[in-house]
Structure formats: C-alpha cells, structure tokens
Amino acid sequence: MTRGRGIRRSAALAVALGLGLSGSLVAGPAGAEEKEGPTVRWGACPEDVAAEAAPVVLECGTVPVPKDYADPGGDRIELMISRLASTNPDKRRGTLMLNPGGPGGSGLSQPAFLANRGIPSEVLDTYDVIGMDTRGIGRSSPVACGFTPEGPYFANIPPYAVDDAAVTARAKVVKEVAEQCARRDKDGVLPHLTTANTARDLDRIRAALGEEKTSFLGYSYGTALGAAYASMFPGRSDRIVLDSNIGDTHLDRDGMRRYALGVEQTFPDFARWAAARHDSYGLGRTPAEVRRTYFTLAERLDEKPVDGFDGNVLRQLTFGYLFKEVQYAKLAQHWQALKSGDTASVRAAGVGGEAADTPPSLDNQLSVFLAVSCNDIAWPTSVDTYRKGVAEDRARYPMFGAATANIMPCAYWPYPPAEKPVAIDDEGPRNILLVQNLRDVPTPHVGGKLLRKKFADRSRLVSVDDSGHGVYVYGDNPCALNTTTRYLVDGKMPRKDTFCRAG
C-alpha cells in the first residue's frame, strides 16, 4: 500500500480510540501505603493544556511516584495532574479522578473538556475534578518507541489480513516493533507501565491530595483502570463510574477481538442512516445494500488502491467513524469519494486529511498502548494461533475480524508480565456504576455485562439504547445522564440494573 495522507488519518483515528482500555494482586509494601507523603503544589498549566482547556482555567501540579513499586526506595518518576476545583465548599464532597481511555490518552485537559461539554454544575460543585497524564504519557515520564505515520507500525489496530500470508508477513513487522521498543527504552520505564502500577499511582495521588477516599470516572480503557483501583483499594474507593467497559482490568486478545463484534453491532445504525440518504451519497437504498457496498468497495480497493488508499484504510476509517453518529456524514462522503475511483474526488473530500491530522503525540500514544497492553498479561506467541484466529473472525465478523484478530507486537514483547492481572474484588462496597451503550465499536455491550458479573453485588449496570462510544456527557441520553449524575452527586445507586430507552 502506498503510504501518505490516508495512513496519517487512519493512524490518528486508531490512536484516538485507544484504542480507544489483574490471581489476586496485593498492593504490597510498595503499594501507596505511606502515611506521610508529598502534597501537590498547584500552579499554571502548560500553555498547550491551558489553550485546550479554554475558557476553563485549570491548575496543574506534579506528584512523585516510584518507577518500580517493587523497589519503592529506587528511582522516582513525576506525574502531572490537573484540577478544576469546586468553588462551593458547602457542597464539596472530595475528588473525582478522570481517565479518558487508551491506554495512551492524555487526560490533563479532560476536566475542562467535560465542563465545556456541559457536565452538570452540581458535579463540579461536588468535586475537585482531577485530570492527569498517567505514567508514560505526555508530561508524566513519556515513553517513545520511535513510531512514525510513514513507518510500518502506525495504528493500535492491526491491518486487515486478507489471507494467511498477510498474518505471516505482519509477524515479521511486529517482531521488529517489539525489539525497537526495547532498544529505545533507555530509562527502563517501559516494563513498569501496567494497569496495576497506574492504579497504585492513583492512590499516591489521592494521598497527595489529602483525601481519605477518591471517586473516579473512567471511559473505555479507563474502566479497566477504575476496576483495578476499586479492586486493589476497595476501602479508598468512593463513587466509581465506569463508562464503556472493556470487561476486565486489562485489555487482552479476547478484548481486542471484541472490537470486531462492536463493528458488526454498530454498523447497522450507519447503514440505515446512509440508506435513508441514498439520493445524496449513492451507497445503497437499503441497509443490506449499504453493507454490500462496504465489502465490494473494500475488495476493489484491495485490488486497486485509489490515491494510495487500499481496503485496509477503508476498513480502519469506517471503524473510527462509527464511534459517533455525528461522524456518519463524513464517513459517507469518504465512501462516496473512494467509490468514484477518482483521485481528484478523493483529495477534494479530504479522505486522508493533512499532516496536521496526525497527533504530534502519535509515537507516545502508540508506545503506551503497547506497553500497558503487553505488560498486563501474556499474549499468545505462536503465529499459528493468530492465523487461526484471523480465519475464525474473518468468517464470524467479516467486516473487521481479520484486523482485530491479527498479530500484535505483544506476541514478541521482551518484558514478561511482572505480576498477574489485577483480580476483580467483588467483596468491597457497592459503589460501582457501570454505564454502557447497546451498540459501541471498541467496547460492545458485552463488556458491561462481563464486568457486572465479576463485580456482582458491588455494581449496577445501566444499559443505554444508543450507538457510539462514551455515554455520560459524551452522549445525550437523558436517562443515562440523570442516573449517573444522581449517583455522583447524591450517591443514589440504582437498586437494580437499569435500561435506558432511546431518547
């Protein structure tokens, strides 16, 4: 495939998802048990964070934590956090920590993002809202494997494998990627990027803020982090909201393969939308015709790319644009341009975007995604295992299964997991509200059901008849908004699992 503008856009989309995300683990002597510790000195945030947050004004500060919790007296790394402080001391309850997903998503500006998007003011009165760059990300001892949009590894999601040979060829690429990450890990941070260590970091931050407990709101991979924190430190967890759940305390191969299930479940919403607009976009008069257009166009682009865009780019673009209905029109425009087979039309539609569409933090985000995903749990190492999985999922989930089942650098990761994945603790307080759309590409509804079963009576599940990634504040379902706000502000957990109708 000719790499260029299309690859940059595909990479930007894949990074955005985080996609987009641990036997029983005891925090141990290095696990945030100190009675005395640093306090946060607040000051101005970096200029780019402040600009992104505007007009909301955030404060920023740093918290030192052990690089290796097995060696608490050894090297430290600094984590940068942000704060949107409550201005109503009579209503303030404590802190609400945030995580936007990933692993690999920067969260410093997230308090402002939610405020600017319209999170209820009662929530902002109730909490000091805390954003952060978790270890390895952004301004918190960032790691970088040296990835570029033009290189062979430019997205978190593997390329669609059209046959067995494609899996074998990809294995050579990802083996070099794993070795490249190890070569560039000069400071020895990479093997310590785990969900368990990040949960320990959350508890260090809690202590530095002078709080006995902390509340937490996490999206996508952030649900794995929140589930780990609530399991490792149940007595220090206050009100926990996990939105768009991946189904456990870590992302493993099964979780990655569920992305393809999410595509199959979400695509019909786009297909109905496009069919109703056939006279404008020409993608099919019925949802079934729109689906056929997808396969026909992908196969044609596999054989004959247009301006460097092949079937893999089409599949990756579709995956990314299914995240929200507001993106459907742009996806339809891109399909229409690629369907024309005309280079000028493709460029006029901006299918690939410009270089500015690629986040400058692409390398960092991809590197953290790999490190956390590969460090949390051992992945299969046999190429035959991936070939078999690709064949299975190509038949089971034909739209995207041969991508998400494809081999990843985790198969060759040079650092074996230092500990077992965090085990869900179902014996703590009933304080975990799970929120999940019925149709969601990277985190299909089954993820919420899996975590509900694991947390048992500690949790309640709010299922929302909606499509897209992210529910609370990110969506506009009134039932989901009201239910979650009531819990965060008043602590009113639903007495039973709740179904929110489309609204």
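The notes below deal with the structure included here. (Residues numbered from 1 in each chain as written. Predicted model: local features only at pLDDT ≥ 70, side-chain atom pairs only at ≥ 80, totals over all residues. Heavy atoms only, no water.)

### A short note on unusual backbone geometry
Apart from glycine, the bulk of residues carry a negative phi angle, and the bulk of peptide bonds sit in the trans form.
Now for step 1: In this structure, Pro55 follows Ala54 across a cis peptide bond, with omega equal to 5°.
Now for step 2: Structurally, the position occupied by Pro55 is in the loop between α2 (47-53) and β2 (59-66).
Now for step 3: The omega torsion of the bond from Gly102 to Pro103 falls at -5°, within 30 degrees of zero and hence cis.
Now for step 4: Position of Pro103 among the secondary structure elements: in the loop between β4 (94-99) and α3 (110-117).
Now for step 5: Positive phi, normally seen in glycine, also occurs at Ser244, with a value near 70°.
Now for step 6: In this structure, Ser244 sits in the loop between β7 (237-243) and α8 (253-275). (Helix = DSSP H or I, 4+ residues; strand = E, 2+ residues; numbered from the N terminus.)

### Things to note about the environment of Thr134
Now for step 1: Within the secondary structure layout, Thr134 lies in the loop between β5 (127-132) and α5 (164-184).
Now for step 2: Those residues in contact with Thr134 that lie beyond four places of it in its chain are Leu79, Asn99, Ser140 and Thr198. (Contact = heavy atoms within 4.5 Å.)

### Topic: the pairing of β7
Now for step 1: A large share of β7 lies buried, amounting to seven of its seven residues.
Now for step 2: Two strands pair when backbone bridges link them, and strand β6 (residues 214-219) and β7 are joined in this way by five bridges, in the parallel orientation. In the sheet register, Phe216 faces β7, and the bridge partner there is Ile240.
Now for step 3: The parallel pair β6 and β7 is bridged by helix α7 (residues 221-232), and the resulting crossover is right-handed.
Now for step 4: Summarising the sheet, β7 and strand β8 (residues 432-439) pair through four bridges and their orientation is parallel. Across the sheet, residue Leu242 finds its bridge partner in β8, namely Leu434. (Buried < 20%, exposed > 50% of the residue type's maximum accessible area, 1.4 Å probe, protein only. Pairing = 2+ DSSP bridges. Right-handed = clockwise from strand over helix to strand, strands pointing away.)

### Some points on α3
Now for step 1: All buried positions along α3 are accounted for by Gln110, Pro111, Ala112, Leu114 and Ala115.
Now for step 2: Buried positions along α3 lie against α2, β3 (76-84), β4, α4 (121-126), β5 and β6.
Now for step 3: Following α3 by one or two positions, Gly118 has its phi on the positive side, about 110°.

### What to know about the sheet that holds β4
Now for step 1: Spatial ordering of the open sheet is given by β1-β2-β3-β5-β4-β6-β7-β8-β9-β10, a layout of ten strands whose pairing is mixed. A single partner strand is all that each edge strand has here, and the edge strands are β1 (43-44) and β10 (498-500).
Now for step 2: Relative to β3, β2 runs antiparallel, the two being bridged by eight bridges. Directly across from Pro64, in β3, lies its bridge partner Glu78.
Now for step 3: Along the sheet, α8 contacts β8 and β9 (459-467); its crossing angle with β8, the most-contacted strand, is approximately 55°.
Now for step 4: Sitting on the sheet, helix α17 (residues 446-455) is in contact with β7, β8 and β9, with an inclination near 175° to β9. (Axes fitted to C-alpha atoms, helices over the stretch in contact; angles between N-to-C directions.)

### Section: the pattern of salt bridges
Now for step 1: In this structure the tally under the stated criterion is 26 salt bridges.
Now for step 2: Between Asp201 and Arg135 there is a salt bridge, with the nearest N and O atoms lying 2.6 Å from each other. Of this pair, Asp201 sits in helix α6 (residues 195-208) while Arg135 sits in the loop between β5 and α5, placing them 66 residues apart in sequence. Comparing Asp201 with Arg135, the two get one shared label, buried.
Now for step 3: Between Arg285 and Asp279 there is a salt bridge, and its shortest N-O distance comes to 3.6 Å. Taken as a pair, Arg285 and Asp279 share a single burial class, namely exposed. (Salt bridge = Lys/Arg side-chain N within 4 Å of Asp/Glu carboxyl O.)

### Structural notes on the nonpolar core
Now for step 1: Core analysis: the largest hydrophobic core is formed by 114 residues, its most contacted members being Phe267, Phe270, Trp335, Leu370 and Trp413.
Now for step 2: With eleven residues, α8 is the largest single contributor of residues to this core.
Now for step 3: Those residues within four positions of Phe267 in sequence are excluded, and the remaining contacts are Val290, Arg291, Tyr294, Thr318, Leu322, Trp335 and Met399.
Now for step 4: In terms of nonpolar packing, the next biggest core, distinct from the first, is built from 35 residues, Leu114, Leu433, Val471 and Val489 among them. (Core = buried A, V, L, I, M, F, W, Y, C linked by side-chain atoms within 4.5 Å.)

### Here we look at the side chain of Asp185
Now for step 1: Note on placement: Asp185 falls in the loop between α5 and α6.
Now for step 2: In this structure, Asp185 is buried with no salt-bridge partner, the nearest side chain bearing the opposite charge being Lys67 at 7.6 Å.
Now for step 3: A distance of 3.2 Å separates a polar side-chain atom of Asp185 from the backbone nitrogen of Val189.
Now for step 4: Within polar-contact distance, the side chain of Asp185 engages the side chain of Tyr415 at 3.1 Å. (Lys, Arg positive; Asp, Glu negative; His and termini not counted. Polar contact = N/O pair within 3.5 Å; in protein donor to acceptor, adjacent residues only side chain to side chain.)

### A closer look at the state of the cysteines
Now for step 1: Counted under the stated rule, the structure contains four disulfides.
Now for step 2: One disulfide bridge connects Cys145 with Cys181, the sulfur atoms lying 2.1 Å from each other. The sign of the S-S torsion, about 115°, decides the handedness of the disulfide formed by Cys145 and Cys181: right-handed. Of this pair, Cys145 sits in the loop between β5 and α5 while Cys181 sits in helix α5; the two residues are 36 residues apart in sequence, bridging distant segments of the chain.
Now for step 3: Classification of Cys145 as buried rests on a relative accessible area of 1%.
Now for step 4: Residue pairing for Cys374: its cysteine sulfur links by disulfide to Cys410, the two sulfurs lying 2.0 Å apart. On the S-S bond that ties Cys374 to Cys410, the torsion sits near -80°, and the link is left-handed. Taken together, the residues span a long stretch of sequence, with Cys374 in helix α14 (residues 362-376) and Cys410 in the loop between α16 (401-404) and β8 at a distance of 36 residues. For the pair Cys374 and Cys410, one class covers both residues: buried.
Now for step 5: Sequential numbering of the bridged cysteines in the chain gives the disulfide pattern 1-2, 3-4, 5-6, 7-8. (Disulfide = S-S within 2.5 Å.)

Limitation: the analysis is restricted to geometry and does not speak to function.
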